[in-house]
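What the coordinates show
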Amino acid sequence: MPQQAHTTTLQNVARGLLGSFMIVAGTGHLTFARREFQAQVPDFVPGDKDTTVLASGVVEIGLGLALLLLKGNDRRRMGIGLAAFYAAVFPGNVHQYTERISAFGLDTDAKRLARLFFQPVLMGAALYSTGALNSRRLQKPAVHRALPRTNTAS
């Protein structure tokens with residue numbers, strides 16, 4: 001059985017902030033920032049942009065809640081899943097930059113470009129705050145040596 005991850009106070013605070021951020025962002029997808037999020041959906045994403053924004057909002061709220069509530073190995077897996085989610089939505093940030101779309105106060109090319117470099121920070125925060133960065137070390141299997149057989153029959 002893999003060892004349970006221990007997270008520090010700093011990791012717990014980071015996870016609380018990140019989880020809360022995800023819940024607020026997801027709520028924004030469904031309500032007050034819906035149009036701004038629609039502007040970030042790249043044209044190559046199939047389907048209606050509003051449906052995409054609504055679905056991703058529900059996912060973000062779920063991810064935020066899971067980040068706050070899960071424990072142990074489930075928490076580490078959640079960190080990996082959240083980092084993957086941040087990678088999956090990154091094309092929306094690229095779309096906002098390349099199409100020069102002003103949303104969320106990102107009204108200059110410099111601000112939109114800076115936002116691109118923030119995505120890896122979010123990915124790292126997801127992995128760090130859940131203990132997922134340490135999970136490979138904790139789950140490394142023990143090395144077993146075979147004992148030489150002795151012949152006990154005489």
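Whatever comes next refers back to the structure up there.
In short, a report on the structure.

Scoring rules and cut-offs
- Residues numbered from 1 in each chain as written.
- Predicted model: local features only at pLDDT ≥ 70, side-chain atom pairs only at ≥ 80, totals over all residues.
- Heavy atoms only, no water.
- Salt bridge = Lys/Arg side-chain N within 4 Å of Asp/Glu carboxyl O.
- Helix = DSSP H or I, 4+ residues; strand = E, 2+ residues; numbered from the N terminus.
- Buried < 20%, exposed > 50% of the residue type's maximum accessible area, 1.4 Å probe, protein only.
- Phe/Tyr/Trp six-rings, centres within 6.5 Å; stacked < 30°, edge-to-face > 60°.

According to the stated counting rule, one finds six salt bridges in the structure shown. The residue Asp-74 makes a salt bridge to Arg-77 at a minimum N-O spacing of 2.6 Å. A residue pair is termed a helical-turn pair when its members lie 3 or 4 positions apart in one helix, as Asp-74 and Arg-77 do in helix H4 (residues 72-98) at three residues. The partner of Asp-107 in a salt bridge is Lys-111, and the shortest N-O contact between them spans 3.0 Å. You can call Asp-107 partly exposed: its relative accessible area is 46%. Given the relative accessible area of 40%, Lys-111 is considered partly exposed. Linked through salt bridges whose partners overlap, the residues forming this network are Arg-100, Asp-109 and Arg-112.

The final tally for this structure, using the stated rule, is two aromatic pairs. With 4.7 Å between their ring centres and 55° between their planes, Phe-37 and Phe-104 make a pair best called tilted. Of the two residues, Phe-37 sits in helix H2 (residues 34-40) while Phe-104 sits in the loop between H4 and helix H5 (109-129), which places them 67 residues apart along the sequence. Ring plane angle 55° and centroid distance 6.3 Å describe the contact between Phe-85 and Tyr-86, whose orientation is recorded as tilted.

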